[in-house]
Structures are given as structure tokens and as C-alpha cells.
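# Observations on the three-dimensional arrangement
Residues per chain are reported as follows:
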Amino acid sequence: MRIQVQLDKRGEEIIAEIKQAAGRDDMSYRELFENAMAFLYWAVQQRQAGRTIASIDEKAENYREVTMPLFDRVNPKVKAAVAAAGP
């Protein structure tokens, strides 16, 4: 499959920041996209399992939930299976 994306200036800056943070200024767009897809796929699987995606600050002992409109639309399989089974 071939995918073509047009990014605005901010999108280009974000990609450059990600590459720099990863220490991979030479990272291909394909590798970047494959990593992004792998992370998003994992996150969707976690939401389907009824889990919360979060960033944890162990020192401060708190967390921030990662939110995206996509995550709000993921149908948790666990809850659906429990509801279908009934009392």
C-alpha cells in the first residue's frame, strides 16, 4: 500500500522533533510511520481490553491519561463481553 501525506509547517516540525529526540535524524518516513502505527495499534488493543493509556510520573506518584478522540471511539471488548453475558 502506498500512502501519501501532506503536512503543514507544524507537522514538519513535529517530525523533526521526534527524529531528534530518538537520536535518529536519518530516520526514514517509513520507519517513523511504522513506529507510530505500532504504538497506535498497541494503544487501541489496550483500550479494547478496558485499560487506560497513561503517562506515569513515578517520583510524584501520579499519572496523566493519554486522550485522543480515537480512543473514545474504541469499543472495549471486555465490557461488551460482560454485558452480553448478562447477570
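Refer to the preceding data block for the structure.
Residues numbered from 1 in each chain as written. Predicted model: local features only at pLDDT ≥ 70, side-chain atom pairs only at ≥ 80, totals over all residues. Heavy atoms only, no water.

## With respect to the layout of surface pockets
Of the voids in this model, the largest pocket is the one considered here, and its volume is about 610 Å³. If you trace the largest pocket, you find 18 residues lining it, with Val5, Tyr29, Arg30, Leu32 and Phe33 closest to the centre. Those elements that provide at least two residues to the lining of the largest pocket are helix H1 (9-21) and helix H2 (29-48). By residue number, the principal contributor to the lining of the largest pocket is H1, which donates seven residues. Broken down by class, the residue content of the lining of the largest pocket amounts to twelve nonpolar, two polar and four charged. The calculated volume of the second largest pocket comes to roughly 170 Å³. Here the lining of the second largest pocket is built from residues that sort into seven nonpolar, one polar and no charged. (1 Å grid on protein atoms, 1.4 Å probe; cavity = no way out; pocket = protein on both sides within 12 Å on 5 of 7 lines; lining within 4 Å. Points joined across faces, edges and corners; volume = space filled by probe spheres on them. Helix = DSSP H or I, 4+ residues; strand = E, 2+ residues; numbered from the N terminus. Nonpolar A, V, L, I, M, F, W, Y, C, P; charged D, E, K, R; others polar.)

## Things to note about the packing of aromatic side chains
In total, this model carries one aromatic pair according to the counting rule given. Across the ring face of tyrosine 29, the terminal group of lysine 19 is positioned such that the distance to the ring centre comes to 4.5 Å. (Phe/Tyr/Trp six-rings, centres within 6.5 Å; stacked < 30°, edge-to-face > 60°. Lys NZ or Arg CZ within 6 Å of the ring centre and 35° of its normal.)

## With respect to the pairing of strand E1 (residues 54-57)
By the bridge criterion, four bridges tie E1 to strand E2 (residues 62-65) in an arrangement that is antiparallel. Within E2, the residue paired with serine 55 across the bridge is arginine 64. Counted along the chain from E1 to the antiparallel partner E2, the turn is four residues long, and its residue glutamate 61 has a positive phi close to 55°. (Pairing = 2+ DSSP bridges.)

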